[in-house]
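Reading the structure
Chain residues, written in single-letter form:
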Amino acid sequence: MNLSHCWLYAELPGYRSSEIWLGMSRPMRMSRVGTIVLSRIDGASGDPVSLTTLTAPKSARKAYEKGAKLLRSVEEPDYARAIPLLERALELHPEFAAAWEALGRARVGLGERESAREAFERAVEIDGQFLKPYLALIDMAVEDKDWTELESLTDRYLAMSPGSMKLRLFNSFAALKNGKSSKAKAMAEMIENAGEMDDWPMAYLILAEVYTDSGEFKEAAELYESYLSTLPDGEYSEQIKRTLYDWSELRVIEPVGFEISIASKAADAPIASSTSEEVAP
């Protein structure tokens, strides 16, 4: 079984993971791939666990652990059974940030979105260094297209755990939407300097939009072409090709090396525009 394009790594807020190349593997045979090493991110002050767990009485921790265990199954988490256990833990220890975060996840699983948000916000209020509830609130801000909230949350998260390129992308996108081009550019350039633009190709579009706004079409075109090289059939590829074709017709860039179908629609708005509401990271 060819796994030569596959890498194994771990995710834990505040930590950077080593990566293990999987290579070739035989079906029905145990493969020992090695050890994943997690290293604390330089400058990280946030925690993947909440210190309030240590202050919880034994009975509260026991109820929390039972509820959390019901949420761990990837295939069939039992949200309905987990909720009363987590609520019991919070009755016994109201300042139990981890239980509030787990309760939020259980409520999300049952579609109780607003009460879930309240649980995540309560977890943050109790323990501002606990990273996990921020991630849930960030996902909600993306879904809601609440760019002000997204920028604020990712600012706070990156101050505690600066190594997340995904959240740096979100922060850059939110800054662009909020009219902060300089900040959007700085955040996207951090992804570029880390050599991870191909992993987060939306960063190409954010930088291209910033350069477009300042009339630097050549630089923007190079970024669009980098996006096309990374994702030739990506969600925005046809729109980008049309934009590049139009620019070449206007002689603001060199002629492009591809043709555009007559049926292709013109790009009515920039790809990652601060005025467009159609795009989310």
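Residues numbered from 1 in each chain as written. Predicted model: local features only at pLDDT ≥ 70, side-chain atom pairs only at ≥ 80, totals over all residues. Heavy atoms only, no water.

Before going further, it helps to examine the pattern of salt bridges. Per the stated rule, a full pass over the model turns up 18 salt bridges. One salt bridge in this structure joins Glu151 and Lys180, with 3.0 Å as the shortest N-O distance. With Glu151 in helix H7 (residues 147-160) and Lys180 in the loop between helix H8 (165-177) and helix H9 (181-193), this residue pair connects regions lying 29 residues apart in the sequence. Owing to a relative accessible area of 41%, Lys180 belongs among the partly exposed residues under this scheme. The structure contains a network of salt bridges with shared partners spanning Arg113, Glu114, Arg117, Glu143 and Asp144. (Salt bridge = Lys/Arg side-chain N within 4 Å of Asp/Glu carboxyl O. Helix = DSSP H or I, 4+ residues; strand = E, 2+ residues; numbered from the N terminus. Buried < 20%, exposed > 50% of the residue type's maximum accessible area, 1.4 Å probe, protein only.)

Next up on the list: a negative patch on the surface. Together, Glu118, Glu121, Asp146 and Glu149 give the surface a local cluster of negative charge. Summarising the element assignment, Glu121 is placed in helix H5 (residues 113-126). (Patch = residues over 30% accessible without salt bridge, like charges linked within 9 Å, V, L, I, M, F, W, Y side chains within 5 Å. Areas by Shrake-Rupley, 256 points an atom, 1.4 Å probe, with all protein chains shown as cover. Lys, Arg positive; Asp, Glu negative; His and termini not counted. Charge placed at Lys NZ, Arg CZ, Asp CG, Glu CD.)

This next bit is on the packing of helix H3 (residues 79-92) against helix H4 (residues 97-109). Here H3 crosses H4 at 155°, and the two axes come no closer than 9 Å. The angle between H3 and H4 falls in the class roughly antiparallel. As H3 runs across H4, the sense of the crossing is left-handed. For the pair H3 and H4, the contacting residues are Tyr79, Ile83, Leu86, Glu87, Ala89 and Leu90 in the first and Ala99, Trp100, Ala102, Leu103, Arg105, Ala106, Arg107 and Gly109 in the second. A breakdown of the residues in the contact of H3 with H4 according to their chemical character gives 10 nonpolar, one polar and three charged. (Axes fitted to C-alpha atoms, helices over the stretch in contact; angles between N-to-C directions. Parallel < 35°, antiparallel > 145°, perpendicular 65-115°, else oblique. Left-handed = near helix turned anticlockwise from the far one by under 90°. Contact = heavy atoms within 4.5 Å. Nonpolar A, V, L, I, M, F, W, Y, C, P; charged D, E, K, R; others polar.)

Now for unusual backbone geometry. Located in the positive-phi region is Lys145, a residue other than glycine, with phi close to 55°. On the secondary structure map, Lys145 appears in the loop between helix H6 (132-144) and H7.

Moving on, we get to the packing of aromatic side chains. Across all of its chains, the model carries four aromatic pairs by this definition. Judged by centre distance (5.0 Å) and plane angle (50°), the rings of Tyr64 and Phe96 are tilted. Placement of the pair is Tyr64 in helix H2 (residues 58-71) and Phe96 in the loop between H3 and H4, with a sequence separation of 32 residues. A residue is classified by how much of its surface remains accessible, and Tyr64, at 17% relative accessible area, is buried. You can call Phe96 buried: its relative accessible area is 0%. Ring centres of Phe217 and Trp247 lie 5.0 Å apart, and the angle between their planes is 70°; this geometry places the pair in the edge-to-face category. Of this pair, Phe217 sits in helix H11 (residues 217-230) while Trp247 sits in helix H12 (residues 237-249), placing them 30 residues apart in sequence. Since its relative accessible area comes to 26%, Phe217 is described here as partly exposed. Residue classification places Trp247 among the buried residues on the basis of a relative accessible area of 10%. These aromatic residues form a ring-pair network of at least three members: Phe217, Tyr224 and Trp247. (Phe/Tyr/Trp six-rings, centres within 6.5 Å; stacked < 30°, edge-to-face > 60°.)

Counting 50 residues, the largest nonpolar core has Leu150, Ile240 and Leu244 as its most contacted members. Elements represented by at least two residues in this core include exactly H5, H6, H7, H8, H9, helix H10 (202-213), H11 and H12. Core analysis: the second largest hydrophobic core is formed by 24 residues, Ala56, Ala89, Phe96 and Leu103 among them. (Core = buried A, V, L, I, M, F, W, Y, C linked by side-chain atoms within 4.5 Å.)

What follows deals with the confidence of the model for the protein. Regions with low pLDDT carry predicted coordinates that are not meant to be interpreted in detail. In the predicted model, the protein carries a mean pLDDT of 88, and 88% of its residues have values of at least 70. Contacts for the low-pLDDT stretch residues 265-269, under 50 throughout, to residues beyond four places or in other chains number six contacts. (pLDDT = per-residue confidence, 0-100.)

Over its 14 residues, H5 runs 20 Å from end to end, which matches the ideal 20 Å to within 8%, given 1.5 Å per residue. Residues Ala116, Arg117, Ala119, Phe120, Ala123, Val124 and Ile126 constitute the buried set of H5. At its buried positions, H5 is contacted by helix H1 (52-55), H4, H6 and H7. (Expected span 1.5 Å × (residues − 1).)

Here we come to the side chain of Thr212. Following the sequence through the fold, Thr212 ends up in helix H10. Engagement of the side chain of Thr212 in a polar contact is seen with the backbone oxygen of Ala208, the distance being 2.7 Å. (Polar contact = N/O pair within 3.5 Å; in protein donor to acceptor, adjacent residues only side chain to side chain.)

What follows deals with the packing of H10 against H11. The contact between H10 and H11 brings their axes to 8 Å, and the two run at 165°. The angle between H10 and H11 falls in the class roughly antiparallel. Considering how the two elements wind past one another, H10 and H11 form a crossing that is left-handed. Note on element contacts: H11 touches H10 through Phe217, Glu219, Ala220, Leu223, Tyr224, Ser226, Tyr227 and Thr230, opposite Tyr204, Leu205, Leu207, Ala208, Tyr211 and Thr212.

A word on the environment of Lys69. Along the chain, Lys69 turns up in helix H2. Assessed through its relative accessible area of 60%, Lys69 is described here as exposed. In this structure the C-alpha to C-alpha distance between Lys69 and Ala82, which are 13 residues apart in sequence, comes to 8.2 Å.

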